[in-house]
Amino acid sequence: TSQKIKVDFDQSSGVAVMHMQSPPVNSLSLEFLTDVCIALEKLEMDKSCRGLVITSSQPKVFSAGLDILDMYGKSPEHCAEFWKAVQEMWLKFYGSNMITIAAVNGSSPAGGCLLSMTCDYRIMADNPRYSIGLNETKLGIVAPFWFKDTMVNTVGHRTTEMALQLGLLYSPAEALKIGLVDQLVHEDQVLTTATETMTKWLAIPDHARQLTKSMMRKPTIDKLAANREADVNNFVKFITKDSIQKSLGMYLEMLKRRKA
Ligand code: CO8
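What you see as residue numbers is a count from 1 along each chain, following the sequence as written. Given that the model is predicted, a residue must reach a pLDDT of at least 70 before its local features are reported, and side-chain atom pairs must reach 80 or more before they are shown or counted; all residues, however, enter totals for whole chains, interfaces and linings. Heavy atoms from the whole structure form the basis of all side-chain values; hydrogens and water molecules are not counted.

Novice: Is there a simple way to think about the sheet that holds strand β3 (residues 51-56) in this case?
Specialist: In a beta sheet, neighbouring strands pair by backbone hydrogen bonds and run either parallel or antiparallel. Ordered by their spatial adjacency, 6 strands build an open sheet running β1-β2-β3-β4-β6-β8, and the pairing between neighbours is mixed. The strands lining the two open edges of the sheet, one partner per strand, are β1 (5-10) and β8 (183-185). When the angles between neighbouring strand axes are averaged without regard to direction, this sheet yields 20°. A contact between two residues is defined here by any heavy atoms of the two lying within 4.5 Å. Note on geometry: axes are lines fitted to C-alpha atoms, helical ones only across the stretch in contact, with angles between N-to-C directions running from 0 to 180 degrees. Runs of H or I in DSSP of at least four residues are treated as helices and runs of E of at least two as strands, each being numbered from the N terminus. The sheet strands contacting helix α7 (residues 190-202) are β2 (15-20), β3, β4 (99-104), β6 (121-125) and β8, and the helix crosses β4 at an angle near 160°. Strand pairing is defined by DSSP finding a minimum of two bridges between the two strands.

Novice: Please clarify how the site of the ligand should be interpreted in this entry.
Specialist: In this text, near means that some heavy atom of the residue lies within 4 Å of the molecule or strand in question. Residues in close proximity to the ligand total 27 residues, the closest being Leu 66, Ile 68, Tyr 251, Arg 258 and Lys 259. Ala 64 is positioned such that a nitrogen or oxygen atom in its backbone is 2.9 Å from a nitrogen atom of the ligand. In this structure, Tyr 251 approaches the ligand through a side-chain N or O atom, which is 2.6 Å from an oxygen atom. Methods summary: accessible areas were calculated by the Shrake-Rupley approach with a probe of 1.4 Å, and residue burial reflects only the protein chains presented. When the ligand sits alone it has 1,100 Å² of accessible area, and the protein chains cover 81% of it. Sorting the residues of the shell around the ligand by element identifies α9 (228-239) and α10 (242-259) as the ones contributing at least two each. Counting residues per element, the shell around the ligand draws most heavily on α10, at 5 residues. Within the shell around the ligand, the residues separate by chemical class into 19 nonpolar, 3 polar and 5 charged. Two N or O atoms count as a polar contact when they lie within 3.5 Å, although within protein this holds only if one can serve as hydrogen donor and the other as acceptor, and sequence-adjacent residues are included solely when both atoms are side-chain atoms. Asp, Glu, Lys and Arg are counted as charged, while Ala, Val, Leu, Ile, Met, Phe, Trp, Tyr, Cys and Pro are counted as nonpolar; the rest, among them Gly, fall into the polar class.

Novice: Could you clarify how one ought to interpret the packing of aromatic side chains in this entry?
Specialist: Here the distance between the centres and the angle between the planes together describe a pair of aromatic rings. Pairing of aromatic side chains requires ring centres within 6.5 Å, counting the rings of Phe and Tyr and the six-membered ring of Trp. Pairs whose planes differ by under 30 degrees are stacked, by over 60 edge-to-face, and all others tilted. Under the counting rule described, the total for this entry stands at 7 aromatic pairs. The interplanar angle of 10° and the centroid separation of 4.0 Å between the aromatic rings of Trp 83 and Phe 235 together place this pair among those described as stacked. Of this pair, Trp 83 sits in helix α2 (residues 76-94) while Phe 235 sits in helix α9, and the two are 152 residues apart along the sequence. Seen in terms of ring centroids, Trp 146 and Phe 147 are 5.0 Å apart; in terms of plane orientation they differ by 65°. Their pairing is edge-to-face. When its relative accessible area of 0% is taken as the criterion, Trp 146 is described as buried. Working definition: with a 1.4 Å probe on protein chains only, accessible area under 20% of the residue-type maximum means buried, over 50% means exposed, and in between means partly exposed.

Novice: How should the packing of helix α4 (residues 145-155) against helix α8 (residues 206-225) be read in this particular structure?
Specialist: In a packed pair of helices, the relevant descriptors are the angle between the two axes and the axis-to-axis distance. The interhelical angle for the contact between α4 and α8, taken along N-to-C directions, is 180°, at an axis separation of 10 Å. As judged from the angle between their axes, α4 and α8 are roughly antiparallel. Contacts from Phe 145, Trp 146, Lys 148, Asp 149 and Asn 153 in α4 reach Thr 220, Lys 223 and Leu 224 in α8. The residue inventory of the contact of α4 with α8, partitioned by class, reads 3 nonpolar, 2 polar and 3 charged. Note on terminology: angles under 35 degrees are roughly parallel, angles over 145 are roughly antiparallel, angles of 65 to 115 are roughly perpendicular, and the others are oblique.

Novice: Can you help me understand the side chain of Thr 193 in this one?
Specialist: With respect to the helices and strands, Thr 193 occurs in helix α7. By relative accessible area, Thr 193 is classed as buried at 9%. Look past the residues within four positions of Thr 193 in its chain and what remains in contact with it is Ile 123, Gln 183 and Val 185.

Novice: Help me understand the nonpolar core in this model?
Specialist: Burial of nonpolar side chains together is a common tendency in soluble globular proteins. In plain words, nonpolar cores are sets of buried Ala, Val, Leu, Ile, Met, Phe, Trp, Tyr and Cys residues tied together by side-chain atoms within 4.5 Å. In terms of nonpolar packing, the biggest core is built from 79 residues, with Met 18, Ile 54, Phe 93, Phe 147, Met 151 and Leu 180 touching the most fellow members. By residue number, the principal contributor to this core is α2, which donates 11 residues. Phe 93 has contacts with Met 18, Val 36, Leu 40, Leu 52, Ile 54, Leu 115, Thr 118 and Arg 217, leaving out every residue within four places of it along the chain.

Structural measurements only, silent on function.
Next comes the structure, spelled out in C-alpha cells:
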C-alpha cells in the first residue's frame, strides 16, 4: 500500500487497522481514495481478515471529507473520475463483508462523516472541539441521495432532514444523542475501545452476521449500483456550474482566512 495508508493486520485476531495518514487533514482526494480502495480490496480478499478498524494518524482530524481541490477548477473529465472514486469507496465500505469499526479520533465533516457512517460501529473521541456531520449545504452543495440514505439508515428520517438542510455539524455529545456515533471515549482510548468492541462482534458467526448486514444495506447499495453513470453525470453537471464553483471558491477562502 501507499505511504498515505498504513495497514496493520493481526493474524491471530483476524483484525486489521487502517491508519489514514494523508497530511494535513486526510482529505479524500482522487489519489487517496484510490489507495484506500486498493487497501480495502486486499483485506476483503484475505479470508483470514474478519474485522477492520479505520482511524486517523493525523492529530485532531479523522477526515476533512472530500478534497475540495478535486472539485474546484477541474475539468469535467477529472470531476467524473473523482466522483467514480467516491462512489467506489462508499460501495466497498458500505458493502464490506468485514466487521468495520470507525475509530473517529478527530473532526469528521462531510465525506469524513460519510466514511464513518459506512462502518458497522462508530466510536468517537469525547473532545468537544471535534465535530461530525454532513455540512454540504454550508458549502452551497448538495449531499447526493446515497449520502442521504446512509444517514437516514443511521439516524432516521427526521433527524437527517434537519441535519442535511442546515448542514449541521454535531459535537461528540450531540452526535451520541442522535445516534450518529455509538460511543464516546477519551481520545487516548478510541483505538483500544475499537479493538475491544471488535472482540464482541467477532463472536458472532460470520455468515449470519454478513447476511444480516447485507439484508439491511442491500437496497441502499443497489440503488447507487444501478445508477452510477447517471449519478456521475449529475455530479459533473452540478459541480461545474459557475455558481457552484463560486461557492466552493468562497468556502476555500473562508478556510484560509479562519486560519490566519
Ligand atoms: N479539501 C481540501 N483542502 C482542505 C479540506 C478539504 N476538504 N479541508 C481542509 N483543507 C485544507 C485547508 O484549506 C488548509 O489548507 P492550507 O494549509 O493550504 O491553508 C489545510 O487543509 C488544513 O486545514 P485547517 O487549517 O482548516 O485544519 P484544522 O485542523 O484547523 O481543521 C478541519 C480541520 C476541521 C477538518 C477543517 O479543515 C475543515 O473544516 N475543513 C473543511 C471540511 C469540509 O467542509 N469538507 C467538506 C468537503 S465536501 C464533501 O466531503 C462532500 C461533498 C459532496 C459533493 C456533492 C456535490 C453534488
